[in-house]
Each structure stands twice: as structure tokens, then as C-alpha cells.
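# Results of the structural survey
One letter stands for each residue in the lines below.
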2 protein chains.
Amino acid sequence: MEHSSASVPAALPYYVAFSQLLGLTVVAVTGAWLGLYRGGIAWESSLQFNVHPLCMVIGMIFLQGDALLVYRVFRREAKRTTKILHGLLHVFAFIIALVGLVAVFDYHKKKGYADLYSLHSWCGILVFVLYFVQWLVGFSFFLFPGASFSLRSRYRPQHIFFGATIFLFSVGTALLGLKEALLFKLGSKYSTFEPEGVLANVLGLLLVCFGVVVLYILAQADWKRPSQAEEQALSMDFKTLTEGDSPSPQ
Amino acid sequence: MEHSSASVPAALPYYVAFSQLLGLTVVAVTGAWLGLYRGGIAWESSLQFNVHPLCMVIGMIFLQGDALLVYRVFRREAKRTTKILHGLLHVFAFIIALVGLVAVFDYHKKKGYADLYSLHSWCGILVFVLYFVQWLVGFSFFLFPGASFSLRSRYRPQHIFFGATIFLFSVGTALLGLKEALLFKLGSKYSTFEPEGVLANVLGLLLVCFGVVVLYILAQADWKRPSQAEEQALSMDFKTLTEGDSPSPQ
């Protein structure tokens, strides 16, 4: 029973591998776009702006997406280990995104540009704050020893829904930022199928594909970590955390 | 049993009412934006462009979203009636969106502008084609009498996943279009918090909220049409359609 409940669905590894291929391609194409058409990346000079898209794509898209997949990928590990990995990946994503945010605000300040006027920036600040709040609430409920088992069970579906929503909203915000960067620089040249415009459009579609594949993996009911084992591990976790002991992996 | 399975969850009507309030507000704000800042709507002259955002928002956002909610709202009606309403709402959405597409291609042609160069247009064409394919496949499986009950059961989760994904992709594409329209017209004035820019940003956030609320209603497992009644009605439907008879509503 324990063995069969921890078995991996046949198609899952292929979808996970495809998601990672897409995610890494998204990061690579973002780097290529910034390197080929925007002069590369540096903290000083006007290249500081370029830190923003790269950090946001690595943090808010790739790492955030991977953090959501942790429970589908690590099925045999103790629930607590998986939880900590999920929380840590989100911390890395948050820190990298924070560097990206500091970069753009600092760049705007140095150049004397206005902040927070565009739809991209409104969506961006909103999604970043929601991401932080979701992490704090998730930590309080699932890693901090205070919340009861029934409270966790009631909150879990909300955490999953808003986690997926914040991820998809991040993808949408990235598309808006990409579009903004293209229109500011290319202007009417965008309509002449400039190589930069075509590459950035391809990057936009890759971002959408990564979002869809991650969502697809999350949405498959059969691919979820088996709930019996999950509940058992959760109650064990709770007991362990309150008693200050560590759980046995099996 | 029949009565309890058809009972409405307490919170559902409030969420549906909120979604409709948001959806109608999105349509109204789109109209207000086009009326106040873009000279209104007409098929001739440069106002023809404005037919595009209004039709796409009514068809691909509001009506498409409402079509997805049909199974949550009409819980007591015969499954077949609900199915036909779901299919018909998508047909209306498709026709209105088609008018919006014709408007922008015709406008581009008259003005001598290039077509399909932007990320918005790539996403738009892709999502429109996917929407059409999803409708055709959905019709073949669920309304046409050919598909077996087991085939329908296997396809249903895919249909639901891709339906929600296409809807969210439509919302993302609308945001890209809104951003494009703002940057083309306002340019650097966008950063001075022009009233049009602020109104359009608010419209963008309202679009996101409508998408999230529709997705939230769809994602609540307890709010789904009870599966026992569903399966019963489905097999009845299949029998009825192949025998050319109409089902009794209860």
C-alpha cells in the first residue's frame, strides 16, 4: 500500500522534464534577448535596467513554477522535507525577484523616470505583494507548529488555488513587461518584423507555454501526491513539530 | 437524494453575482474608455478600430467566462439543456469576437498597417484558433451522438482544463492589447498619470479580477455539479441522442 501510493505515474516524468526544458529555454532566451539586443547586464550604467527582466524571469517565473511542482516531483520523500524545499524555493525566487525590483527602481531614480504608472508596474507590485503574503500565510499554517490539522486541511485548497493564480498572474505580468520594453525601444519599427521583435514574441509564447505546462501538471488529479500518505505525513509533521522531534522518512 | 444532489452551495450565488458584477463592469469600463478617450465606435472611419477591443472583451472575456460558469449556475436543469446553453454561449462569444477580428484586420488594411507582428496579435490569433478547435472537439464529443460514454469521461477533464486555460490566455491577450493601445497613443505621456492611462490600468486590473473570480468558482470541488447526477444525465443524453428522443428534465 505504502509502496503503491508512492509510485510515480507513467507520464509525469516526461511532463516534468518538458516543463524544465521550457523553463530553462525561457531563461536562456531572456538572456539571449538582453545580450544580443540590449547590451548585456551590469549593475551600473543603463544596463542596470536589464537586471530587472532577467531576475524577474528567473525568480517569479522559473523558480516559482518549480516550487509549485515540488509535491509532484518528490513523491517518496518525507512530506516535511518536501514542504521545506517548497518553502525554500519560494524564498530563493522572492530574493532574486527583489534584486530585480531594486534594479528597476534604482535605474528609474538615477534616470529621473516616474515609477508605478504603467499597467505592468501595477500588476507587478500587486503580484509581488500577494506572493509575499501567500508565503507568510503558507509558512504560518504549514511550517509553524501553531496551526491545527483541521485548520491546515481547510486552508490547503485556498493555498493551492492562490499559489497557481499568483504564478499565472506573474506570467501575465512578464508578458506586459516584455511588450512594454519592446514598444518603448522599437516603436513603429516593431511592425517591420525586426529580429528583436520576433525573438521577444517567441519569448512571450514560451512564457505562456511554461505557464500552461506547469498548470497542466498541477491540474491532473491522478498526479497529486496520494492524499492518504499526505494526511498521514501531515499529522505526523504536526505531532513532530509540536514535540520538537524529526519524522522518520518512511 | 436527487433533491440534495441538486441543492445549491450557500456561497456560490454570491460569487456568481460578484463575477457578473465584475464582468459587466469590465464591459462598461471598456465602453467608457473608448467613448471618453477614443471618440466612440463606428464601422467606418478610424473609429472602426474601436470595434475590436469592445467585441473582444464582450466575446472572449465576458461571454466566454459566463459559458464556463453555466454548469455551476444551472444545477437543477437537465444536463442536456445546460450543455446546449454552454455550447450556444460559446457560439455567441465566437461570432462577436469574429466581428472584432474582422474590424481590426479591415482597419489595418484601409490604413495600410502591417498585420500580425506584435505579441498581442500572435497570442490573439493563437487563442482564437484554440478556442475554435476546443469548440469543435467539444461539440463532437459531447453534443454529437457519436462518442461513447467512456470516451466522453476520458476527454471531459482535458476539455475543462483547456477551456479554463483558453479563457485565462484570452484575459492575458486582452491585457497585452490594452497595453499596446495605451503605449501607441500616449507614449511618454503614459508616465505622467494621464487620466486615460489610469482608467485603462484600472480596466486591466478589473480584467484580472474577473478572470480570477471565474477561475475560483470553477476550481471549488464542492461547487461542481454533483457527478452522480452528471453521469446519469450524460448516459441518458447519449441514449436519447442516438435514439432521437428528448430526455425528461427530472
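Analysis parameters
Residues numbered from 1 in each chain as written. Chains lettered and ligands numbered in written order. Predicted model: local features only at pLDDT ≥ 70, side-chain atom pairs only at ≥ 80, totals over all residues. Heavy atoms only, no water. UniProt positions renumbered as here; feature names shortened; annotations may be inferred. Buried < 20%, exposed > 50% of the residue type's maximum accessible area, 1.4 Å probe, protein only. Helix = DSSP H or I, 4+ residues; strand = E, 2+ residues; numbered from the N terminus. Core = buried A, V, L, I, M, F, W, Y, C linked by side-chain atoms within 4.5 Å. Contact = heavy atoms within 4.5 Å. Salt bridge = Lys/Arg side-chain N within 4 Å of Asp/Glu carboxyl O. Buried area = accessible area lost by both parts, 1.4 Å probe. Polar contact = N/O pair within 3.5 Å; in protein donor to acceptor, adjacent residues only side chain to side chain. Nonpolar A, V, L, I, M, F, W, Y, C, P; charged D, E, K, R; others polar. Expected span 1.5 Å × (residues − 1). Least-squares fit on C-alpha atoms with pLDDT ≥ 70 in both. Bend = angle between axes of the 7 residues up to and from the residue. pLDDT = per-residue confidence, 0-100. Phe/Tyr/Trp six-rings, centres within 6.5 Å; stacked < 30°, edge-to-face > 60°. Patch = residues over 30% accessible without salt bridge, like charges linked within 9 Å, V, L, I, M, F, W, Y side chains within 5 Å. Areas by Shrake-Rupley, 256 points an atom, 1.4 Å probe, with all protein chains shown as cover. Axes fitted to C-alpha atoms, helices over the stretch in contact; angles between N-to-C directions. Parallel < 35°, antiparallel > 145°, perpendicular 65-115°, else oblique. Left-handed = near helix turned anticlockwise from the far one by under 90°.

- UniProt annotates chain A as Transmembrane ascorbate-dependent reductase CYB561 of Mus musculus.
- We quote the UniProt Catalytic activity comment for chain A here in full: "monodehydro-L-ascorbate radical(out) + L-ascorbate(in) = monodehydro-L-ascorbate radical(in) + L-ascorbate(out)".
- Regarding chain A, the UniProt comment filed under Subcellular location reads as follows: "Cytoplasmic vesicle, Secretory vesicle, Chromaffin granule membrane".

### A short note on the UniProt feature "binding site: L-ascorbate" in chain A
All names here are of chain A.
- The UniProt record annotates "binding site: L-ascorbate" at Lys-79, Lys-83 and Arg-152. Of the residues just listed, which span 74 residues, no C-alpha pair is farther apart than 14.0 Å, and they cluster in one region.
- Judged by relative accessible area, which is 6%, Lys-79 ranks as buried.
- Relative to the elements of secondary structure, Arg-152 occurs in helix H6 (residues 149–186).

### Some points on the nonpolar core
- Core analysis: the biggest nonpolar cluster contains 114 residues, and A:Leu207, A:Phe210, B:Leu207 and B:Phe210 have the highest contact counts within it.
- Apart from the residues within four sequence positions on either side, A:Leu207 is in contact with A:Val26, A:Ile61, A:Val171, A:Ala174 and A:Leu175.

### A word on the pattern of salt bridges
Residues and elements named next belong to chain A.
- In total, this model carries ten salt bridges over all chains according to the counting rule given.
- In this structure, the salt-bridge partner of Lys-110 is Asp-106, at a minimum N-O distance of 3.2 Å. Of this pair, Lys-110 and Asp-106 both sit in helix H4 (residues 79–111), four residues apart, roughly one helical turn.

### Some details on the side chain of B:Asn50
- Checked against the element boundaries, B:Asn50 lands in the loop between helix H2 (12–37) and helix H3 (51–73).
- Given a relative accessible area of 5%, B:Asn50 falls into the buried group.

### So, the interface of chain B and chain A
- Contacts between chain B and chain A engage 37 residues on the former and 37 residues on the latter.
- Each partner contributes to the roughly 3,200 Å² buried at the junction of chain B and chain A, and carbon and sulfur atoms together form 81% of this total.
- Inspection of the region where chain B meets chain A yields two salt bridges.
- For B:Lys179, the salt bridge goes to A:Glu180, with nearest N and O atoms at 2.1 Å.
- In this assembly, chain B and chain A are joined by twelve residue pairs in polar contact (both at pLDDT 80 or more).
- Elements represented by at least two residues in the side of chain B that touches chain A include exactly helix H5 (119–142), helix H6 (149–186) and helix H7 (195–219) of chain B.
- When residues of the side of chain B that touches chain A are assigned to their parent elements, the largest contribution, 13 residues, is made by H6(B).
- Looking at the side of chain B that touches chain A residue by residue, the classes come out as 26 nonpolar, eight polar and three charged.

### Considerations on helix H2 (residues 12–37) of chain A
Residues and elements named next belong to chain A.
- If you check H2, its first and last C-alpha atoms are 37 Å apart, about what 26 residues at 1.5 Å a residue would give, namely 38 Å.
- Contact partners of the buried residues in H2: helix H3 (51–73), H6 and helix H7 (195–219).
- Of the residues trailing H2, Gly-39 is marked for its positive phi of about 80 degrees.

### Description of the relation of the copies chain B and chain A
- Rotating chain B by 180 degrees about the axis while translating it 0.0 Å along that axis superimposes it on chain A, leaving an RMSD of 0.0 Å. Both chain copies can therefore be described as sitting about a two-fold axis.
- Comparing interface residues between copies, 100% of those in chain B also lie at the interface in chain A; the contact surface is shared.

### Points about unusual backbone geometry
All names here are of chain A.
- The phi dihedral of Ser-45 is positive, around 60 degrees, even though this residue is not glycine.
- Looking at the secondary structure, you find Ser-45 in the loop between H2 and H3.
- Backbone geometry places Phe-193, a non-glycine residue, at a positive phi of 55 degrees.
- With respect to the helices and strands, the residue Phe-193 is situated in the loop between H6 and H7.
- Under the relative-accessibility criterion, Phe-193 is labelled partly exposed at 40%.

### Here we look at the side chain of A:His108
All names here are of chain A.
- Here His-108 shows up in helix H4.
- Given a relative accessible area of 17%, His-108 falls into the buried group.
- Reaching out from His-108, the side chain makes a polar contact with the backbone oxygen of Ala-114 at a distance of 3.2 Å.
- Residues contacting His-108, with those up to four places away along its chain left out, are Tyr-113, Ala-114 and Asp-115.

### Topic: H3(B)
- Along H3(B), the helix axis deviates most sharply at B:Ala67, where the bend reaches about 30 degrees.
- Counting buried positions along H3(B) yields 20 of 23 residues, so the element is predominantly enclosed.

### So, the confidence of the model for chain A
Residue and element names in this part refer to chain A.
- Mean pLDDT over chain A works out to 90, with 88% of the residues at or above the 70 mark.
- Across residues 1–5 the pLDDT falls below 50, and counting only partners more than four positions away or on other chains, this stretch makes six contacts in the model.
- The low-confidence segment residues 235–250, where pLDDT is below 50, has 26 contacts with residues more than four positions distant or belonging to other chains.

### Thoughts on the packing of aromatic side chains
- Summed over all chains, the structure comprises 34 aromatic pairs over all chains.
- Ring centres 5.1 Å apart and planes at 25 degrees place the aromatic pair A:Phe94 and A:Phe132 in the stacked group. Residue A:Phe94 is found in helix H4, and its partner A:Phe132 is found in helix H5 (residues 119–142); the two are separated by 38 residues along the sequence.
- The exposure class of A:Phe94 is buried, given its relative accessible area of 18%.
- Centroid distance B:Phe139 to B:Phe144: 6.2 Å. Interplanar angle 45 degrees. Geometry classified as tilted.
- You can call B:Phe144 partly exposed: its relative accessible area is 49%.
- Among the aromatic residues, those joined into a ring-pair cluster are A:Tyr15, A:Tyr216, A:Trp223, B:Phe161 and B:Phe162.

### Observations concerning a nonpolar patch on the surface
- Side chains of A:Trp43, A:Ile95, A:Leu98, A:Val99 and A:Val102 sit close together on the surface and give an oily, nonpolar patch of about 410 Å² of accessible area.
- With respect to the secondary-structure elements, A:Val102 resides in helix H4.

### Quick word on the packing of H3(B) against H6(B)
Residues and elements named next belong to chain B.
- As a packed pair, H3 and H6 sit with axes 10 Å apart at the nearest point and diverge in direction by 160 degrees. The orientation of H3 relative to H6 falls into the category roughly antiparallel. Helix-helix and strand crossings are classified by hand; for H3 and H6 the assignment is left-handed. Seen from H3, the contacting residues are Met-60, Ile-61, Gln-64, Gly-65 and Leu-68; seen from H6, they are Gly-163, Ala-164, Ile-166, Phe-167, Ser-170, Val-171 and Ala-174.
- Class assignment of the residues belonging to the contact of H3 with H6 gives a composition of eight nonpolar, four polar and no charged.

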